[in-house]
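Next come the chains, spelled out residue by residue.
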Amino acid sequence: MKPFIYDLNLDDLQEWAKENGESAFRAGQIFDWLYVKRINNFQEMTNLSKELRQKLEDQFEFVTLNEITKLESKDGTVKFLFGLHDEHAIETVIMKHSYGNSICVTTQVGCRIGCTFCASTLGGLKRNLTAGEIVAQVVQAQKILDQRGERVSSIVIMGSGEPFENYESTMKFLRIMIHEKGLNIGQRHITVSTSGIVPNIYKFANEETQINLAISIHAPNDMLRSKLMPVNRRYPFEDVMESLRFYLAKTGRRITFEYALIGGVNDQPEHALELANVLKDMLCHVNLIPVNHVPERKYIRTSRNDIFKFQKLLAENGVNVTIRREQGHDIAAACGQLRAKHMELR
């Protein structure tokens, strides 16, 4: 199969143009057609010669995202299940906020991290997405928003998969997204979430970006986290925290800790107090997430009162904390739920 045109950043396109006897200026035109004009095929690049368009046609493919399912929530959330060229499927979500449109993208087909409360891990990891396949999700979302005269204002890399296990593709995607001659998404409007792949947290700290980092923590100690997140056995809790302290020292940027509250498992007052002790003196924010019901899992949601008690205890102990606003609850918008249903029907 030919490589995807979205896999190439501007530097790659300039190198390709040079190798094909074209000026670097042509690479800028191609980049503009892809991300500013957002065309659907090479023949629409009308300020390029027919010969150059044919070269592009011969050497590259556009990413195929076939819409299998589209679900729209009462709150404006839209969730897509897209079919890929190899019959795998991925999810992408458009979330409408008062401040604009946020896109949640997927970086892998499936996931091997094995979090025991998450639908993404059902069926395991099938493969990594290329940078272009991640890029295409945002471009597709932007084309949909173009019809409403709106734009993508922020990106969260919180869909299915572990971005830091597909690190190079994720970073290339990010660099394409923030390029001022392309979609030009502000770095501080992008958040990448990891379950704690320690070597790549260190790597990310040295990238010198303004992109936000979020960590799925879900427990205040090693033993409980290993039960909920098998990845903790590979990268123990203290190693994760040490890498985050390095990140803070290196970047000075606030970290978001994502904490899924599970009824009777990790939502008790002692858990809140232990978590507050772990996070004391760290520049951070805790995002409490009432766990989504996944039919294949036995966990229950923490009661509303207990969620507020947990939040109050953290706040009283000096932790900046909020409860995530739930979106798309009526359309199975949590990671992996739509894909899991699709897999059952195949």
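Residues numbered from 1 in each chain as written. Predicted model: local features only at pLDDT ≥ 70, side-chain atom pairs only at ≥ 80, totals over all residues. Heavy atoms only, no water.

## Focus on the overall build of the chain
To keep things clear, this is the line we draw: A helix here means a DSSP run of H or I that spans at least four residues, while a strand means a run of E at least two residues long, and both kinds are numbered starting from the N terminus. All radius of gyration figures rest on C-alpha atoms, and the globule criterion is 2.2 Å times the number of residues raised to 0.38. Only protein chains enter the calculation, and the probe is 1.4 Å; a residue is then buried if its accessible area is under 20% of its type maximum, exposed if over 50%, and partly exposed in between. Residue contacts are counted whenever heavy atoms from the two residues lie within 4.5 Å of one another. Note on areas: Shrake-Rupley, 1.4 Å probe, and residue coverage restricted to the protein chains presented here. When charges are tallied, Lys and Arg are placed among the positive residues and Asp and Glu among the negative ones, while His and the ends of the chain are skipped. Note on charges: their place is set at NZ of Lys, CZ of Arg, CG of Asp or CD of Glu.
Tallying secondary structure elements over the chain gives twelve helices and twelve strands in all. For the chain, the C-alpha radius of gyration of 21 Å lies close to 20 Å, the compact-globule estimate for 346 residues. Dimensions along the principal axes, computed over C-alpha positions, put the chain at roughly 70 × 45 × 35 Å. Taking all 346 residues of the chain together, 55% fall into the buried category. Of all intrachain contacts in the chain linking residues separated by at least 6 positions in sequence, the fraction that spans at least 24 positions is 67%. With an accessible surface of roughly 15400 Å², the chain has 49% of that area assigned to carbon and sulfur atoms. Separation of charge centres in the chain, based on 43 positive and 42 negative side chains, amounts to 3 Å.

## Remarks on helix α5 (residues 167-178)
Note that an α-helix has 3.6 residues per turn; residues three or four places apart therefore point the same way. As a reminder of what qualifies: Expected span of a helix: the number of residues minus one, times 1.5 Å.
Here α5 is twelve residues long and its end C-alpha atoms lie 17 Å apart, about the 16 Å a rise of 1.5 Å per residue gives. When we look at burial in α5, the residues that qualify are Tyr167, Ser169, Thr170, Met171, Phe173, Leu174, Ile176, Met177 and Ile178. Buried residues in α5 make contact with α2 (24-35), α4 (131-146), β7 (152-157), β8 (190-194) and α6 (198-205).

## A word on the side chain of glutamate 258
Inspection of the secondary structure assignment puts glutamate 258 in strand β10 (residues 255-261). Residues in contact with glutamate 258, not counting those within four places in the same chain, are Met158, Ser193, Ala214, Ile215, Ser216, Ile217, His218, Asn287, Ile289 and Arg324.

## Some points on the UniProt feature "active site" (unreviewed entry) in the chain
Basically, it comes down to this: UniProt positions are given in the numbering used here, feature names are shortened, and annotations may be inferred rather than shown by experiment. What qualifies as a polar contact is a pair of N or O atoms within 3.5 Å, subject to a donor-acceptor requirement within protein and to the restriction that residues adjacent in sequence count only when both atoms come from side chains.
Summarizing the sequence annotation, UniProt attributes the feature "active site" (unreviewed entry) to Glu91 and Cys335 in the numbering used throughout. Judged by its relative accessible area of 5%, glutamate 91 falls in the buried class. Of the polar contacts made by the side chain of glutamate 91, one reaches the side chain of lysine 79; its length is 3.0 Å.

## Quick word on the packing of aromatic side chains
Using the following cut-off: Two rings belonging to Phe, Tyr or Trp (six-membered ring only in the last case) form a pair when the distance between their centres is within 6.5 Å. Interplanar angles under 30 degrees mark stacking, angles over 60 mark edge-to-face geometry, and anything in between is tilted. Only when the NZ of Lys or the CZ of Arg is both within 6 Å of the ring centre and within 35 degrees of the ring normal is a charge said to sit over the ring.
What the rule picks out here adds up to eleven aromatic pairs. Consider the rings of phenylalanine 80 and phenylalanine 82, whose centres lie 5.2 Å apart with planes at 5 degrees: the pair is stacked. Residue phenylalanine 80 is classed as buried on the basis of its relative accessible area, which comes to 2%. For phenylalanine 82, a relative accessible area of 1% gives the class buried. Geometrically, the ring pair formed by phenylalanine 204 and tyrosine 247 is stacked, given 6.2 Å between the ring centres and 10 degrees between the ring planes. One end of the pair, phenylalanine 204, is in helix α6; the other, tyrosine 247, is in helix α9 (residues 237-251), with 43 residues separating them in the sequence. Like phenylalanine 204, the residue tyrosine 247 is buried in the burial classification. Through a chain of ring-to-ring contacts, the aromatic side chains of Tyr6, Phe31, Tyr35, Phe42 and Phe62 assemble into a single cluster. Positioned over the ring face of tryptophan 33 is lysine 37, at 4.8 Å from the centre of the ring.

## Examining the pairing of β8
Defined as follows: By definition, two strands form a pair when at least two bridges between them are found by DSSP. A clockwise course of the path from the first strand over the helix to the second, judged with the strands pointing away from the viewer, identifies a crossover as right-handed.
In terms of burial, β8 is a largely internal element, five of the five residues being buried. Of the strand pairs in this sheet, β7 and β8 are connected by three bridges, and their pairing is parallel. Looking across to β8, one finds that isoleucine 155 is bridged to isoleucine 190. Each parallel crossover has a hand, and for β7 linked through α5 to β8 it is right-handed.

## Quick word on the pattern of salt bridges
Oppositely charged side chains can form a pair if their charged atoms are brought close together. Formally: Whenever a carboxyl oxygen of Asp or Glu lies within 4 Å of a side-chain nitrogen of Lys or Arg, that contact is scored as a salt bridge.
Applying the stated criterion across every chain yields a total of 20 salt bridges. Here glutamate 61 makes a salt bridge to lysine 2, at a shortest N to O gap of 3.9 Å. Pair noted here: glutamate 61 is in the loop between α3 (50-59) and β1 (66-72) and lysine 2 is in the segment before α1 (10-19), with a separation of 59 residues, a long-range link. Salt-bridge contacts for glutamate 72 lead to lysine 70; the nearest nitrogen and oxygen are separated by 3.8 Å. Here glutamate 72 falls in the exposed class, since its relative accessible area comes to 54%. Where salt bridges share partners, they join Asp86, Arg127 and Glu133 into one cluster.

## Observations concerning the packing of α5 against α6
Note the threshold: Axis geometry follows a simple rule: fit a line to the C-alpha atoms, using only the stretch in contact for helices, then measure angles between N-to-C directions, giving values from 0 to 180 degrees. If an angle is under 35 degrees, it is roughly parallel; if it is over 145, roughly antiparallel; if it lies from 65 to 115, roughly perpendicular; otherwise it is oblique. Helix crossings fall into two classes, left-handed where the near helix is turned counterclockwise from the far one by less than a right angle and right-handed where it is turned clockwise. We call Asp, Glu, Lys and Arg charged. Ala, Val, Leu, Ile, Met, Phe, Trp, Tyr, Cys and Pro are nonpolar, and the rest, Gly among them, are polar.
For the pair α5 and α6, interaxial distance at closest approach is 12 Å and the crossing angle is 30 degrees. Taken together, the axes of α5 and α6 lie roughly parallel to each other. α5 and α6 meet at a crossing whose hand is right-handed. Residues Tyr167, Glu168 and Met171 of α5 lie in contact with α6, whose contacting residues are Asn200, Lys203 and Phe204. Along the lines of polarity and charge, the residues of the contact of α5 with α6 split into three nonpolar, one polar and two charged.

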